Amino acid sequence: MTEARSPAAPSAALWERDEELAAIAEAVDVLCADRHSPGTLLVLRGEAGLGKTALLAETRRIAEQRGCTVWSARGGETLRTVPFNVVRQLLQPALVSMLPEEAREYLGDWYGIAGPALGIADPGDGQADPQGVCEGLVAAVRRLARRDWPLVLLIDDAHWADQETLYWLAAFAERLADLSVLVVVARRPGEISGVSARHLDAVADAAGRPVTNLSALTPEAAAGLTRATLGENADAAFCREVWAVTGGNPYETVELLAKVQDSELEPVEAHAGELRELNRSARGGGLVSRLEELGIDATRFAWAAAILGDGITVDLVAQLATLGPDEAARCAERLRNARILTVRDPASAGPAELDFVHPLIATAVYNSIPDALRRAMHGIAARIVTDSGRGAAAAARHLLEVHPDDDEELVWQLREAAREHLAVGAPDAARRCLERALEEPPRPEIHAHVLYELGSATFLTAPARTIGHLRTALGMPGLDDDRRVDAVIRLSQALLHNDQMEEAVRTVEAEAARLPAGPTRMRLQAVRFMWEGVHAGESLTPGRSERLAGLAATCTGRDNAERALLILRGFDAMMRGENAEEIVEICDRALVNGRLAPGLGWTDSEWGVELLLMLAGSYAYTDRLDRAEALYSEALQAYDTAGWGGGHLVLAHAYVGLAHRRRGRLEAAENSLRESLRLAERVGRGLPLYWTAICNLVDTLLARGHVDEAWAMAERHGFAPPYPSTVVLPDPRSVRGRLLLAVGRTKEGVNELEAAEKAAAARGHHNPVHVFAAADLARALAAEDPARAARLAVDVRRRAERLGTDTAIGEALRVAAALETGQRAVRLAGQAVTYLESSPCQYEHAAARIEYGVLARSVPDLERGVALARSCGADGLVERARAALAAGVGLR
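Not measured: the values here are computed from a predicted model. Residue numbers run consecutively from 1 along every chain, following the written order of its sequence. Local features in this predicted model are restricted to residues of pLDDT 70 or higher, and side-chain atom pairs are both shown and tallied only at a pLDDT of 80 or more, whereas totals for entire chains, interfaces and linings draw on every residue. As a rule here, side-chain values cover all heavy atoms of the structure and leave hydrogens and water aside.

A.B. asks: Just give me the short version of the overall build of the protein, but keep the residues and values in it.
C.D. replies: Helix and strand definitions here come from DSSP, where helices need a minimum of 4 consecutive H or I residues and strands a minimum of 2 consecutive E residues; each element is numbered from the N-terminal end. A tally of helices and strands in the protein yields 44 helices and 7 strands. With respect to the principal axes defined by its C-alpha atoms, the protein has extents near 110 × 70 × 50 Å. Looking at the protein as a whole, 56% of its 892 residues are labelled buried. By the convention used here, residues are in contact when the closest approach between their heavy atoms is within 4.5 Å. Nonlocal contacts in the protein, meaning residues at least 24 apart in sequence, comprise 67% of its contacts between residues at least 6 apart. Each residue gets one of three labels from its accessible area relative to the maximum for its type: buried under 20%, exposed over 50%, partly exposed in between, using a 1.4 Å probe on protein chains only.

A.B. asks: Can you break down helix 27 (residues 544-553) residue by residue, with the values?
C.D. replies: All of the buried residues along helix 27 are R544, S545, L548 and A552. When helix 27 is viewed along its axis, its buried side chains cluster within an angular range of 95 degrees and face the same direction. Those residues of helix 27 that are exposed and aimed more than 90 degrees away from the buried face are E546 and A553. Structurally, helix 27 contributes buried residues whose contacts are with helix 26 (519-534), helix 28 (560-576) and helix 29 (580-589). Arc definition: directions from the helix axis to the C-beta atoms.

A.B. asks: If you had to explain the pattern of salt bridges to someone new, which residues and values would you point to?
C.D. replies: Any two side chains of opposite charge can pair if their charged atoms end up close together. What makes a salt bridge here is a side-chain nitrogen of Lys or Arg within 4 Å of a carboxyl oxygen of Asp or Glu, nothing more. Counted by the stated rule, this structure contains 69 salt bridges. We note a salt bridge from E58 to R61, for which the minimum N-O separation is 2.5 Å. Of this pair, E58 and R61 both sit in helix 2 (residues 52-65), 3 residues apart, which is roughly one turn of the helix. Look at R61 and you get partly exposed, because its relative accessible area is 32%. Residues participating in the shared-partner salt-bridge network are R661, D699, R738, D776, R779 and E844.

A.B. asks: Now, about the packing of aromatic side chains: what can you tell me, with residues and values included?
C.D. replies: Stacked, edge-to-face and tilted labels apply to pairs of Phe, Tyr and Trp rings (six-membered ring for Trp) whose centres lie within 6.5 Å, assigned for plane angles under 30 degrees, over 60, and everything in between, in that order. Inspection of every chain in the model, using the stated rule, returns 5 aromatic pairs. Plain terms: the ring middles of W168 and F172 are 5.3 Å apart, the flat faces sit at 20 degrees to each other, and that makes the pair stacked. Highlighted residues: W168 and F172, both in helix 7 (residues 163-174), separated by 4 residues, approximately one helical turn. With respect to burial, W168 and F172 carry one shared label: buried. Each residue in the set W691, F719 and Y723 is aromatic and connected to the rest through ring pairs, giving one cluster. We call a charge positioned over a ring when the NZ of a Lys or the CZ of an Arg lies within 6 Å of the ring centre and within 35 degrees of the ring normal. Note that R528 overlies the ring of F529, its terminal NZ or CZ placed 6.0 Å from the centroid.

A.B. asks: Describe the nonpolar core, naming the residues involved and giving the relevant values.
C.D. replies: For the purposes of this section, nonpolar cores are sets of buried Ala, Val, Leu, Ile, Met, Phe, Trp, Tyr and Cys residues that join through side-chain atoms within 4.5 Å. In this structure, W531, W602, Y632, V698 and F719 are the most contacted members of the largest nonpolar core, which totals 139 residues. Not counting the four nearest positions on each side in its chain, V698 is found in contact with A710, A714, F719, V735 and L739. Within the second largest apolar cluster, 53 residues are counted, among which are A73, A114, W168 and V181.

A.B. asks: Residues and numbers for the sheet that holds strand 3 (residues 151-156), please.
C.D. replies: With parallel pairing, the 5 strands of this open sheet are ordered in space as 2-3-4-1-5. The sheet terminates laterally at strand 2 (69-74) and strand 5 (212-213), the two strands that pair on one side only. Axis lines are fitted to C-alpha atoms, over the contacting stretch for helices. Their N-to-C directions set the angle, which ranges from 0 to 180 degrees. Packed onto the sheet, helix 7 meets strand 1 (40-45), strand 3 and strand 4 (181-187) and runs at close to 140 degrees relative to strand 4. One requirement defines pairing of two strands: DSSP has to find at least two bridges between them.

A.B. asks: Describe the environment of L568, and please don't skip the residues or the numbers.
C.D. replies: With respect to the secondary-structure elements, L568 resides in helix 28. For the pair L568 and A552, spaced 16 residues apart in the sequence, the C-alpha separation amounts to 8.5 Å. With sequence-adjacent residues up to four places away left out, L568 is seen in contact with A526, F529, M530, L548, L611 and M614.

A.B. asks: Tell me about the packing of helix 34 (residues 688-704) against helix 36 (residues 732-742), and please be specific about residues and values.
C.D. replies: Running from N to C, helix 34 and helix 36 point in directions that differ by 40 degrees, and their axes come no closer than 10 Å. Both helix 34 and helix 36 take part in a crossing whose hand is left-handed. Side by side, helix 34 and helix 36 meet where W691, C695, V698, D699 and L702 of the first sit next to P732, V735, R738, L739 and A742 of the second. Here the residues of the contact of helix 34 with helix 36 are counted per class, giving 8 nonpolar, no polar and 2 charged. Helix crossings fall into two classes, left-handed where the near helix is turned counterclockwise from the far one by less than a right angle and right-handed where it is turned clockwise. Each residue receives one of three labels: charged for Asp, Glu, Lys and Arg, nonpolar for Ala, Val, Leu, Ile, Met, Phe, Trp, Tyr, Cys and Pro, and polar for the others, Gly being one of them.

A.B. asks: Give a description of the pairing of strand 1 that names residues and reports values.
C.D. replies: Within a regular strand, the side chains alternate between the two sheet faces. A large share of strand 1 lies buried, amounting to 5 of its 6 residues. In this sheet, strand 4 lies alongside strand 1 in parallel orientation, the contact comprising 6 bridges. Note on strand 4: the bridge partner recorded for L44 is A186. Bridge count between strand 1 and strand 5: 2 bridges; the pairing is parallel. Each residue of the ladder has a partner; that of R45, found in strand 5, is N213.

A.B. asks: Describe helix 37 (residues 746-763), and please don't skip the residues or the numbers.
C.D. replies: Owing to its 3.6 residues per turn, the α-helix aligns residues three or four sequence positions apart on the same side. Spanning 18 residues, helix 37 covers 26 Å between terminal C-alpha atoms, matching the ideal 26 Å at 1.5 Å per step. Listing the buried residues of helix 37 in full gives G749, V750, E752, L753, A756, E757, A759, A760 and R763. Looking at the buried side of helix 37, the elements it contacts are helix 26, helix 36, helix 38 (773-780) and helix 39 (786-803). Immediately downstream of helix 37, the backbone of G764 shows phi near 75 degrees, a positive value. For a helix, the expected span equals 1.5 Å multiplied by the number of residues minus one.

A.B. asks: Quick one: what's the story with the side chain of D428, residue by residue and with numbers?
C.D. replies: Checked against the element boundaries, D428 lands in helix 21 (residues 427-439). Overall, D428 belongs to the buried group, its relative accessible area being 14%. The contacts of D428, once residues within four sequence positions are left out, are Q163 and E164.

A.B. asks: Before we move on, can you summarise the environment of Q637 with the specific residues and values?
C.D. replies: Within the secondary structure layout, Q637 lies in helix 31 (residues 625-642). Assessed through its relative accessible area of 55%, Q637 is described here as exposed. In the structure, Q637 is positioned 597 residues away from T40 in sequence and 33 Å away in space, judged by C-alpha atoms.

A.B. asks: Please provide a residue-by-residue account of unusual backbone geometry, values included.
C.D. replies: Here the bond from W149 into P150 is cis, since omega is -5 degrees, no more than 30 degrees from zero. Within the fold, P150 resides in the loop between helix 6 (130-147) and strand 3. Looking along the chain, the bond that leaves P721 and enters P722 is cis, with omega of 0 degrees. Mapped onto the elements, P722 comes out in the loop between helix 35 (707-716) and helix 36. Positive phi is not limited to glycine here, since E16 has a value of about 55 degrees. With respect to the element layout, E16 can be found in the segment before helix 1 (18-33). E16 sits in the buried class, given a relative accessible area of 16%. Unlike most non-glycine residues, R339 shows phi in positive territory, near 55 degrees. The class for R339 is partly exposed, based on a relative accessible area of 23%.

Here it is, written out as structure tokens:
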């Protein structure tokens, strides 16, 4: 135990913190030793007053002595609703040192994405993707950290940080392994719940070391601190009472000892009984009483400072407290002398900013303001912020606290603030503004519009809430035709995401029925067909394909509603295995000069990403991989440029991987799909996009011959029934069945492939390249049930010839060859090579070439197959061909 002040401890709050200080010093040493060393994250956790802030201050002192750059930020209890507040504080030293042109050049493509969130760039007109903004902030800090190495980031009161900052911090903490930076986070236990708590837990998990839990001072340390402050004559009984009164809380101990000094109380046992009263004056009601003793003007000044919470200057407080400049300055001085306020950074240029000496004081002062007055002061603060030209979003945290009073202007301000929040990627902040606007309440003629905006704001984070808001909006007057249709479509999307497929279809169907024929009605019809098209369930509206074909036959592609119907018709025909040339012709009619039409781009909001993925998928499974690849690459580039992360980027990487897989570029496919799966983990398991990533990755690993890795990946990521309710390309049941066969679980594999065939038949999905279960099933049953295997092979060939692509026919011939012997097998294998040689799918060509080489005992064909397989990255095929060459039996 430490009984006397440590010579190295510059602050009383650092008593008994030797272990913590040693860990901090070691982390700084590691940082400074090598700019390529991995980053370090330390988490300090303790109740209020246990010295977290003092440890951060000591970290700064140690780091600056070693020549480090130190940036710091602090959460605030009344500032949690301000998006990006803490990360903006953190980066302020770097941002203010740059000219706008410098920042733009330094951040590059991330400037337009992260810049608005950081307050250094104007936001765009649309809704920014929160995950894209988060990725932009991660990239921005990474670049700045490399520039300013060795860099130390200090975040105090992280439990009060805004949700957007915590989202960024959790993502940044995951990337510290390859970035030399020290991050120290201080927080209280508890305090928050929900999403923010999960982010903080993720930060702690990323640290890779136990959280440092701070404890109270021991009686011995409290005695040592008492004697160091009051003199060695402080007797033991007095010291014990200091510890008993404060519970060993360092902050309360220091404050109590300061009160003892102010009152000139002699530190002897006879006066120990007075300590409890002195301690009460430093907290809660005692603090409020002490504040009132300073006078009404000083009290008003302190209240105004607590309302502002941040950026507290004497001039700004004077406006809010309605004090003259001279009186405000005198109040500030009195509050500093009373250890209620302090100057945040005395050395900074410009007007000095004030801060409360401790968050406990700020909380006590804020809570002491009478409720009606507090709400009124927030209203005045909002006006001051607005008049300063900082915009509605900056005033929003004050507007949220104003008492509802049927104020039409307040509703407008909150809606404007919500738009600004959405534009910088803070949908949760927008939600709070719009929910508060509804409490005002809005005028009847705009009430539905506010509900629609609220539903749109919650769409990315809470689809179930979106459903309620939009249903209510649609049941009220006020939405015009275009806005109403937008609301119906958005409602149907939310229902789909909430696994209410049938309700989604009924919603757009009912709205379409009330409209006359024309583009608007056709748009709704297209959305209905789209939702039915992506649904993987066995229930299917009778005659759907026929109605879709009939409607699409009337379309020339003159507007986007017609183009959407053409895409949907093409996708439906592809899934059903109709003629590939006709499918491609239908899809081509949906393009304008071979490109996506304006309003149908990957980042356009009117039509969902599902539609364009259907278009690209139709090309991918009709051997037009050139067009599919162009679309997938365009999607990836569009999302990167726009800063759209989350599900959009997951799907873009997954489908780029699918295109590589179809081409036979297996290594490139694996890389894209691993990146897709990494991003999908952050979005959430179990979603259709997660299935797309893992399904394609397992399929690619099997093609490479990495069977054990494919199985381990499937086990780790839950690639097993139950399957998603939306269509995944390729068919996950077929991939799962192939995996089971590959690992030797033949009976389970056969069952899975039979289930895949049954589910596909129920939906009318007969494309043998997308649903390849029948082909694999025929091979698996060749020895056990050759008659059934032969029937399956005939059916596969019939479907392939109906589709008519080289890939489908070549693959069907490979199946047929596998079931035959002698010269018939050789002839069929040779025909398969002929077709697949003309196919864009090089992996299948390599497999067919090797199979033919084995059957025909042809060394040249085996060697050519090896070359093709090696170029594909198909290690399993290479090993198989080499084994045949090594055996050499009967080879010519």
